[in-house]
Amino acid sequence: KAERDVAAKFLARNGADQVIYPEADMAKRLAIRLTANHIFDCIDFGNGYSMYEIDLRNDWVGKTLKDLNFANKYHLNVIGVKTDGVTQMLPGADRKFAKDEHVLVIGTYEDVQKAIKG
């Protein structure tokens, strides 16, 4: 755990395999949640990729991942669907989206923004 780059360099030099910045990571997650409409949570994986919990667009309701050609059209991979706080992981391509569901996707922030805006 490090608060600044100086501490990270010290930890790396002394054998740490990975250095985390908990305050910075939480600040980034909170900033995205507070400033981005329709994004409820995110977890950074590095290299520009994160997992996002996003709202369904109205035009996605009643359609399947296959109908939407989701991965090709939006450059995002759906890893789960959240309904009433319960998450179904790895939904099939034929599962229809229902109103008031959230989708868990992996991709870049830019691709998430494009998908949300349509």
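Student: Could you clarify how one ought to interpret the packing of aromatic side chains in this entry?
Tutor: Any aromatic ring pair is given by two values, namely how distant the centres are and how the planes are angled relative to each other. With the rule as written, the count across this model stands at four aromatic pairs. Relative to Tyr 109, the ring of Tyr 52 lies with its centre 6.3 Å away and its plane at 45°, an arrangement referred to as tilted. Linking Tyr 52 in strand E2 (residues 49-55) with Tyr 109 in helix H5 (residues 109-117), this pair joins segments that are 57 residues apart in sequence. When the ring of Phe 70 is compared with that of Tyr 74, the centres are 4.9 Å apart and the planes differ by 55°; the resulting orientation is tilted. In this pair, Phe 70 and Tyr 74 are both assigned in helix H4 (residues 70-74), four residues apart and thus about one turn of the helix distant. Using a relative accessible area of 3% as the deciding quantity, one classes Phe 70 as buried. An aromatic cluster of three or more residues is present, and its members are Trp 60, Phe 70 and Tyr 74.

Student: Where do I start with the nonpolar core in this structure?
Tutor: Generally speaking, nonpolar side chains in soluble globular proteins are found buried as a group. Ile 54, Trp 60, Phe 70, Phe 97, Val 105 and Val 112 are the most contacted members of the largest nonpolar core, which totals 19 residues. Looking at this core, the elements that each hand over two or more residues are strand E1 (39-46), E2, helix H3 (65-68), H4, strand E3 (77-83), strand E5 (102-108) and H5. Non-local contacts of Val 105, meaning those with residues more than four positions away in its chain, are made with Ser 50, Met 51, Tyr 52, Ile 54, Phe 70, Leu 76, Asn 77, Val 78 and Val 112.

Student: What is the right way to look at a nonpolar patch on the surface in this model?
Tutor: A contiguous nonpolar surface patch, about 300 Å² in accessible area, is contributed by Ile 43, Phe 45 and Tyr 49. Positionally, Tyr 49 belongs in strand E2. You can call Tyr 49 partly exposed: its relative accessible area is 43%.

Student: Is there a simple way to explain the pairing of E1 in this structure?
Tutor: The side chains of a regular strand alternate, first on one face of the sheet and then on the other. Alignment of E1 against E2, held across six bridges, turns out to be antiparallel. Within the sheet, the bridge partner assigned to Asp 41 lies in E2 and is Glu 53. In sequence, E1 turns back onto E2 through a hairpin of two residues, with Asn 47 there showing a positive phi of about 55°.

Student: Could you clarify how one ought to interpret the environment of Ile 106 in this entry?
Tutor: Positionally, Ile 106 belongs in strand E5. Separated by 31 residues in sequence, Ile 106 and His 75 place their C-alpha atoms 9.0 Å apart. Not counting residues within four places of it along the chain, the set of residues in contact with Ile 106 comprises Phe 45, Ser 50, Met 51, Leu 76, Asn 77 and Ile 79.

Conventions we followed
Residues numbered from 1 in each chain as written. Predicted model: local features only at pLDDT ≥ 70, side-chain atom pairs only at ≥ 80, totals over all residues. Heavy atoms only, no water. Phe/Tyr/Trp six-rings, centres within 6.5 Å; stacked < 30°, edge-to-face > 60°. Helix = DSSP H or I, 4+ residues; strand = E, 2+ residues; numbered from the N terminus. Buried < 20%, exposed > 50% of the residue type's maximum accessible area, 1.4 Å probe, protein only. Core = buried A, V, L, I, M, F, W, Y, C linked by side-chain atoms within 4.5 Å. Contact = heavy atoms within 4.5 Å. Patch = residues over 30% accessible without salt bridge, like charges linked within 9 Å, V, L, I, M, F, W, Y side chains within 5 Å. Areas by Shrake-Rupley, 256 points an atom, 1.4 Å probe, with all protein chains shown as cover. Salt bridge = Lys/Arg side-chain N within 4 Å of Asp/Glu carboxyl O. Pairing = 2+ DSSP bridges.

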